Amino acid sequence: GPFDRYYYAYELGSWQVVVLNSDCWRIGGCDEDDPQARWLADELERSSARCTLAYWHRPPFSSGRYGDAEATERVLPLWRILHRAGVEVLLTGHEHSYERFAPMDGEGRSDGDRGVRLFVVGTGGGGLREFENPPLGTTEARSDDTWGVLALTLRAGAYDWKFLPAGDGDFTDAGSGTCH
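Every value quoted in this text rests on a predicted model; they were computed, and no experiment measured them.

**Some words on the overall build of the protein chain**
Alright, step 1. The number of helices and strands found in the protein chain is three helices and ten strands.
Alright, step 2. Tracing the protein chain from N to C terminus, the helices and strands come up as β-β-α-β-α-α-β-β-β-β-β-β-β.
Alright, step 3. Taking 16 Å as the expected radius of gyration for a compact globule of 180 residues, we find that the protein chain reaches 16 Å, a close match to that expectation.
Alright, step 4. Counting only C-alpha atoms, the protein chain reaches 45 × 35 × 30 Å along its principal axes.
Alright, step 5. Looking at the protein chain as a whole, 49% of its 180 residues qualify as buried.
Alright, step 6. Considering only intrachain contacts with a sequence separation of at least 6, the fraction spanning at least 24 residues in the protein chain is 63%.
Alright, step 7. Accessible area for the protein chain stands at about 8,800 Å²; split by element, carbon and sulfur atoms hold 45% of it.

**Here's the deal with the state of the cysteines**
Alright, step 1. A full pass over the atoms with the stated rule returns two disulfides.
Alright, step 2. Linked covalently through their sulfurs, Cys51 and Cys179 form a disulfide whose S-S length is 2.0 Å. Measuring the twist about the S-S bond at about 115°, one finds the Cys51-Cys179 disulfide to be right-handed. Of this pair, Cys51 sits in strand E3 (residues 51–55) while Cys179 sits in the segment after strand E10 (173–178); the two residues are 128 residues apart in sequence, bridging distant segments of the chain.
Alright, step 3. Bonded cysteines in the protein chain are paired 1-2, 3-4 when counted in the order they occur along the chain.

**Notes on the sheet that holds strand E9 (residues 158–165)**
Alright, step 1. Taken together, three strands build an open sheet; the order of strands is E8-E9-E10 and the sheet is antiparallel. Edge positions in the sheet fall to strand E8 (148–155) and E10, since each has one partner strand and no second. For this sheet, the mean angle separating the axes of adjacent strands, direction not counted, is 15°.
Alright, step 2. Across eight bridges, E8 lies against E9 in antiparallel orientation. Counterpart to Ala151 in the pairing with E9 is Lys162.

**Quick look at the side chain of Thr139**
Alright, step 1. Note that Thr139 resides in strand E7 (residues 139–143).
Alright, step 2. Polar contacts involving the side chain of Thr139 include one to the side chain of Glu99, which spans 2.7 Å.
Alright, step 3. There is a polar contact of 2.9 Å between the side chain of Thr139 and the backbone nitrogen of Leu136.
Alright, step 4. With residues up to four places along the chain from it excluded, the contact list for Thr139 reads Glu99, Arg100 and Phe101.

What counts, and where the lines are drawn
- Residues numbered from 1 in each chain as written.
- Predicted model: local features only at pLDDT ≥ 70, side-chain atom pairs only at ≥ 80, totals over all residues.
- Heavy atoms only, no water.
- Helix = DSSP H or I, 4+ residues; strand = E, 2+ residues; numbered from the N terminus.
- Rg over C-alpha atoms; globule rule 2.2 N^0.38 Å.
- Buried < 20%, exposed > 50% of the residue type's maximum accessible area, 1.4 Å probe, protein only.
- Contact = heavy atoms within 4.5 Å.
- Areas by Shrake-Rupley, 256 points an atom, 1.4 Å probe, with all protein chains shown as cover.
- Disulfide = S-S within 2.5 Å.
- Pairing = 2+ DSSP bridges.
- Axes fitted to C-alpha atoms, helices over the stretch in contact; angles between N-to-C directions.
- Polar contact = N/O pair within 3.5 Å; in protein donor to acceptor, adjacent residues only side chain to side chain.

What follows is the structure, encoded as structure tokens:
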């Protein structure tokens with residue numbers, strides 16, 4: 001079945017959703033010619049969906065504790081495959097904060113035409129952590145002091161997001177994007 005591996009894909013309305021294991025070194029490697037990355041490239045090429053969302057745990061870019069190259073470089077090959085295939089959104093966690101980025105290219109530079117929008121949402125579990133670094137050049141919104149969840153609405157050809165604060169938190173973030 002589709003859940004026999006550590007990575008899989010499914011359809012959600014008109015969207016393709018791809019679920020990946022960012023601990024790639026545990027399942028055959030992190031390079032573009034390793035099994036998960038080859039599967040991802042094939043899966044994205046086969047899909048006829050206009051819009052694709054991917055999710056995994058460790059962010060490829062962050063201004064938090066795990067934003068250094070040692071923590072992010074392992075998943076960059078997967079990120080580059082997402083960008084080449086025109087994926088719209090990547091959801092990650094790992095950081096105990098919220099950070100939303102402008103659409104980016106395979107190297108993390110702004111790419112308004114074909115970029116992937118990254119969300120780092122780690123505001124619903126363990127204790128929140130202060131950002132250790134200044135915002136990145138592509139950071140559009142961030143918060144390290146408000147618990148909450150990210151609500152996504154996936155529409156035909158577009159998506160909307162809204163950060164919903166919990167408890168006494170007052171940080172919010174909302175917007176929308178279109179599919180490539």
